Amino acid sequence: MLNVLKARWHQGYRTIPYPQAAPSLPDRFRGLPQVRFSLCPDGCHACMAACPTGAIDMDEHGKRRIDLGRCLFCGECGVVCPHQAIMFTTDHRLAVRERRDLCLHEGDVLNRAAALDKKMLRVFGRSLKFRQVSAGGCNACEADINVLTTIGFDLGRFGIQIVASPRHADGLLVSGPVTRNMALALQKTYAAVPAPRLIVAVGACAISGGPYVGLPEQNNGVPSALPVDLYIPGCPPHPITILDGFLRLLNKIA
Amino acid sequence: MEAKPIPDRFLRLHPNVKALLRDVPVLAFDRFRDTFLSQVASGARVSAYFASPRGDGSARLLAVLSQPLSATLAVFAADVGGSYPALTPDCPKAHWFEREIAEQWGVIPLGHPWLKPVRFHASYAPNRDAWQRRPGDPIRPADWDFFRAQGEDVHEVAVGPVHAGVIEPGHFRFQCHGENVLHLEISLGYQHRGVERALIGGPDARSIHCAETLAGDTTIGHAIAYSMAMEALAGIRVPAKAQILRGIMLELERLANHTGDLGALAGDVGFLPTLSYCGRLRGDFLNMTAALCGSRFGRGMVRPGTVRFDADRQRIQRLTEHLDQTMHDVRAAVSLLWDTPSVMARFEHTGALHREAAAALGLVGVAARACGLEQDVRTDFPFGVYRFAHVPVSTWDTGDVFARAWVRWMEIQRSYEFIWDNLMALPDDPLPPLPPEAEMEPDSIVVSLTEGWRGEICHVVLTDPAGRFAHYKVVDPSFHNWFGLAVALRNQQISDFPLCNKSFNLSYCGHDL
């Protein structure tokens, strides 16, 4: 018993002061990319060729854009670009409410997630329970969702909790590209969550299929029949990015 | 006078060294079978055993058996039609491989004792299905007969695919008598996203990312295996500094996962102090990985021929300080486990697996070493920096949850020492620039082996006449070990399943590919 108390004293207080203070992220962390496609000379497509998921493409007006929903934040595009047109900043705040907000042209400011409306905030603002569904993918998103429940992030202090049954949940956290073998289980789990309910798509897979986009054994992410309320990009998203998204949704970060 | 036995015929191959495909002997099936069984009887392990299609519609079985005593691989093949006599009745460790062969290519291993799909997808061979399913027939995961126990008071418990925790999907079917588990059958495939097939025709911009996400918690392990195969095929030499950095990353991955596992094991027996501390400390190791390459899982670090991020003196200094502080805390958090009788009472004698069973089933990694089997790719088939820096093999012989926890703890200490030594040995010179891209050798085969934190990772790559991937086979350690978990559960209380499961902590996505 004395040893247990000694260890408790030894380990100290470890919960990060987010959102009061900015998180400490490594200098090499790849967060929100800053794009200056106006530097691209005609005919240079090096970034598009290097991108593993086709996240960089031309829109219908021939203007280059980057889709953070597809982006793996691998940084390969920045490495091959001879003109420094793509630089990854350490900005971790990436979550949005609408799929289209993830497509960025030069000069676009990321339209970060807005809070739920007043009625929904009254229901979920102080207590929000999620059921997590892992629907394919590589288990990295799951690992970094799990981290939020450790003492470092202490998700519980915001009234957010991950629960064991969809019946106890207010929404789903979906990760993975939704493999063919998980499509039915995802549908059934969603149906088991009582309304009103939220869906959060965590990671490139759940948003777009991620590194598996286009493969026949998966569905390129959460099917359009399920209304997604929050998109959290990354491969996997940093836990602080996920937390930031939750807190914006609950109006705890403006 | 008795006839002399015909000597085994196989290509003797070193891991991470290419050979021409035509040098792999294609044996008559009887010879293939005799060679396979005699090699296994003399201590070889099955690193890979799979089928690849041939133009005429037949399939070619390819066996890659690893021989730790000589640090070489025996590679040999046999052509089979729609069926062949299964090896599993004589060699239990072929069990899962032969189910995979049947599912992928519709080739039936006759006499297989439990021929079911392992991932539940359609056959890759047109018009040939091991279970006579027609194209377009619905295939539903776990929708199959399960092994059943019958009798009074016997009942069945079904769990999954969606579990209570934040974990991957899988289906578990228990046959119970009261609280006692008579048999557990594990049905996977929910995470199947078709990665091996996606790699065919590569390498391309997606390939390395497919390798990095084979099992997300083993990004470095699989990325090294992939890169070593590419380097062998293209004749690329990896600079010493890059090799050392790869080793450091691989051991950081081991530290993070082993520390997290020890915390989770504490949680499964309701011992919250170690659970809380290790949850945070696992994150510290992930953050060290991110300090080197920007990603907590090591994404973007390992690339064929090199690593993408260098480390200068200042970065190494910061890393060393963080490592020492974290290790100090890990020691304090983990030693609580061994000093707490209520924890030890739950760890000891739970989910015990005998050494003989572990060897017969072909277990790898922590699960095998916890049964007293001395096997570790870093020692048996040293690669990269491990050719120069030796990591002692950590074993324990009780085969129970305690052994699997204790082996992790020993490995945490060895990995820490390894990282420390190698950070000190890291050359000051910056990484040399990457040599220009080289063509890969056509019509060749290479086998790469690494020791991920769960155990042996094997990639087998076959190239076509243009030097592209003709076939890509991945064997994650979980592929060997899932059946070991099922066997360890026999005669255990069903309430001990979470504890036993966590003590193996196998990958669903690494298995399902």
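Residues numbered from 1 in each chain as written. Chains lettered and ligands numbered in written order. Predicted model: local features only at pLDDT ≥ 70, side-chain atom pairs only at ≥ 80, totals over all residues. Heavy atoms only, no water.

This part is about the pattern of salt bridges. Pairing between side chains of opposite charge can happen when their charged atoms approach one another. This structure, assessed with the given rule, holds 40 salt bridges over all chains. We note a salt bridge from Asp91(A) to Arg93(A), for which the minimum N-O separation is 3.0 Å. Of the residues examined, Asp91(A) reaches a relative accessible area of 17% and is grouped as buried. In this structure, Lys473(B) engages Glu196(B) in a salt bridge whose closest nitrogen and oxygen atoms are separated by 2.4 Å. Residue Lys473(B) is located in strand E16 (residues 469-475), and its partner Glu196(B) is located in helix H3 (residues 195-199); the two are separated by 277 residues in the primary sequence. Comparing Lys473(B) with Glu196(B), the two get one shared label, buried. (Salt bridge = Lys/Arg side-chain N within 4 Å of Asp/Glu carboxyl O. Buried < 20%, exposed > 50% of the residue type's maximum accessible area, 1.4 Å probe, protein only. Helix = DSSP H or I, 4+ residues; strand = E, 2+ residues; numbered from the N terminus.)

This part takes up the interface of chain B and chain A. Counting from both sides, the interface comprises 60 residues of chain B and, opposite them, 55 residues of chain A. In total, chain B and chain A occlude about 4600 Å² of area from one another, counting both sides; carbon and sulfur atoms represent 55% of this. One salt bridge connects Arg296(B) with Asp144(A), and the closest N-O pair in it is separated by 2.8 Å. Run the count over chain B and chain A and you get 30 residue pairs in polar contact (both at pLDDT 80 or more). Breaking the side of chain B that touches chain A down by element, the ones donating at least two residues are H3, helix H7 (272-293) and helix H8 (313-339) of chain B. At twelve residues, the largest contribution of residues to the side of chain B that touches chain A is made by H7(B). Of the residues in the side of chain B that touches chain A, the class split is 29 nonpolar, 16 polar and 15 charged. (Contact = heavy atoms within 4.5 Å. Buried area = accessible area lost by both parts, 1.4 Å probe. Polar contact = N/O pair within 3.5 Å; in protein donor to acceptor, adjacent residues only side chain to side chain. Nonpolar A, V, L, I, M, F, W, Y, C, P; charged D, E, K, R; others polar.)

For helix H1 (residues 2-11) of chain A, the set of buried residues is Val4(A), Ala7(A) and Gln11(A). The buried side chains of H1(A) occupy one side of the element, clustering within an arc of 60° when seen end-on. Turned more than 90 degrees away from the buried face of H1(A), the exposed residues are Leu2(A), Lys6(A) and Trp9(A). Where H1(A) is buried, its residues meet H7 and H8 of chain B. (Arc of directions from axis to C-beta.)

Together, Met1(A), Leu2(A) and Leu5(A) make up an exposed nonpolar region whose accessible area comes to about 400 Å². By the secondary structure assignment, Leu2(A) is in helix H1. (Patch = residues over 30% accessible without salt bridge, like charges linked within 9 Å, V, L, I, M, F, W, Y side chains within 5 Å. Areas by Shrake-Rupley, 256 points an atom, 1.4 Å probe, with all protein chains shown as cover.)

Quick look at unusual backbone geometry now. Peptide bonds are trans in most cases, and residues, glycine excluded, mostly fall at negative phi. Residue and element names in this part refer to chain B. For the bond from Gly160 to Pro161, the omega torsion is 20°, close enough to zero to count as cis. You can see Pro161 is positioned in the loop between strand E9 (154-159) and strand E10 (171-177). In this chain, Gly202 is followed by Pro203 through a cis amide linkage whose omega measures 5°. With respect to the helices and strands, Pro203 occurs in the loop between H3 and helix H4 (207-212). The phi dihedral of His349 is positive, around 70°, even though this residue is not glycine. Relative to the elements of secondary structure, His349 occurs in the loop between helix H9 (341-347) and helix H10 (355-361).

What follows concerns the sheet that holds strand E9 (residues 198-202) of chain A. Residues and elements named next belong to chain A. If you trace the five strands from one edge of the open sheet to the other, you get E7-E6-E8-E9-E10, paired in parallel fashion. Among the strands making up the open sheet, the edge pair consists of strand E7 (160-162) and strand E10 (230-232). Along the sheet, successive strands turn relative to each other by an average axial angle of 25°, direction set aside. As paired elements, strand E6 (residues 128-134) and E7 share three bridges and run parallel to each other. Residue pairing across strands places Lys129 opposite Gln161, the latter belonging to E7. Against the sheet, helix H6 (residues 183-191) contacts E6, strand E8 (171-175) and E9, and its axis sits at roughly 160° relative to E8. Along the sheet, helix H8 (residues 239-249) makes contact with E6, E7, E8, E9 and E10, crossing E10 at roughly 160°. (Pairing = 2+ DSSP bridges. Axes fitted to C-alpha atoms, helices over the stretch in contact; angles between N-to-C directions.)

Moving on: the domain arrangement of chain B. All names here are of chain B. Taken domain by domain, chain B holds domain 1 (11-110) and domain 2 (195-512). Each of domain 1 and domain 2 has a C-alpha centre, and the two are 26 Å apart. With 34 residues of domain 1 at the interface, the matching set in domain 2 holds 35 residues. In total, about 2800 Å² of surface goes out of reach between domain 1 and domain 2, with carbon and sulfur atoms giving 66% of it. On the domain 1 side of the contact with domain 2, Asn16, Lys18 and Trp96 bury the most area, a combined 25% of that side's loss. Taken together, the links from domain 1 to domain 2 amount to three salt bridges. Along the contact surface separating domain 1 from domain 2 lie ten residue pairs in polar contact (both at pLDDT 80 or more). Taken together, the elements giving at least two residues each to the side of domain 1 that touches domain 2 come down to strand E2 (19-20), strand E4 (45-53), strand E5 (59-67), strand E6 (72-80) and helix H2 (95-105). Top element by residues in the side of domain 1 that touches domain 2 is E4. It accounts for eight residues. In terms of residue class, the side of domain 1 that touches domain 2 is made up of 22 nonpolar, eight polar and four charged. (Domains from an automatic or database assignment.)

This part is about the side chain of Arg303(B). Position of Arg303(B) among the secondary structure elements: in strand E12 (residues 302-303). Using a relative accessible area of 7% as the deciding quantity, one classes Arg303(B) as buried.

The next subject is the nonpolar core. Counting 167 residues, the largest nonpolar core has Phe32(B), Phe36(B), Tyr49(B), Trp338(B) and Phe347(B) as its most contacted members. Element by element, the count of residues in this core is highest for helix H6 (residues 240-268) of chain B, at twelve residues. Formed jointly, this core draws a minimum of three residues from each of two domains, domain 1 (11-110) and domain 2 (195-512) of chain B. The contacts of Phe36(B), once residues within four sequence positions are left out, are Val46(B), Tyr49(B), Ala63(B), Leu65(B), Phe76(B), Leu87(B) and Cys91(B). Within the second largest apolar cluster, 43 residues are counted, among which are Cys51(A), Ile86(A), Ile199(A) and Ala206(A). (Core = buried A, V, L, I, M, F, W, Y, C linked by side-chain atoms within 4.5 Å.)

What follows covers the packing of aromatic side chains. Residues and elements named next belong to chain B. Tallied over the full model, the rule gives 31 aromatic pairs over all chains. Ring centres of Tyr226 and Phe469 lie 6.3 Å apart, and the angle between their planes is 80°; this geometry places the pair in the edge-to-face category. Of this pair, Tyr226 sits in helix H5 (residues 219-234) while Phe469 sits in strand E16, placing them 243 residues apart in sequence. Across this residue pair, the class does not change: Tyr226 and Phe469 are buried. When the ring of Phe469 is compared with that of Tyr472, the centres are 5.3 Å apart and the planes differ by 75°; the resulting orientation is edge-to-face. For the pair Phe469 and Tyr472, one class covers both residues: buried. Members of the aromatic cluster, each reached through a chain of ring pairs, are Phe29, Phe32, Phe36, Tyr49, Phe76, Tyr84, Phe97 and Phe479. The aromatic ring of Phe146 is capped on one face by Lys116, whose charged end is 4.1 Å from the ring centroid. Above the ring of Tyr124, the side-chain terminus of Arg197 is found at 3.9 Å from the ring centroid. (Phe/Tyr/Trp six-rings, centres within 6.5 Å; stacked < 30°, edge-to-face > 60°. Lys NZ or Arg CZ within 6 Å of the ring centre and 35° of its normal.)

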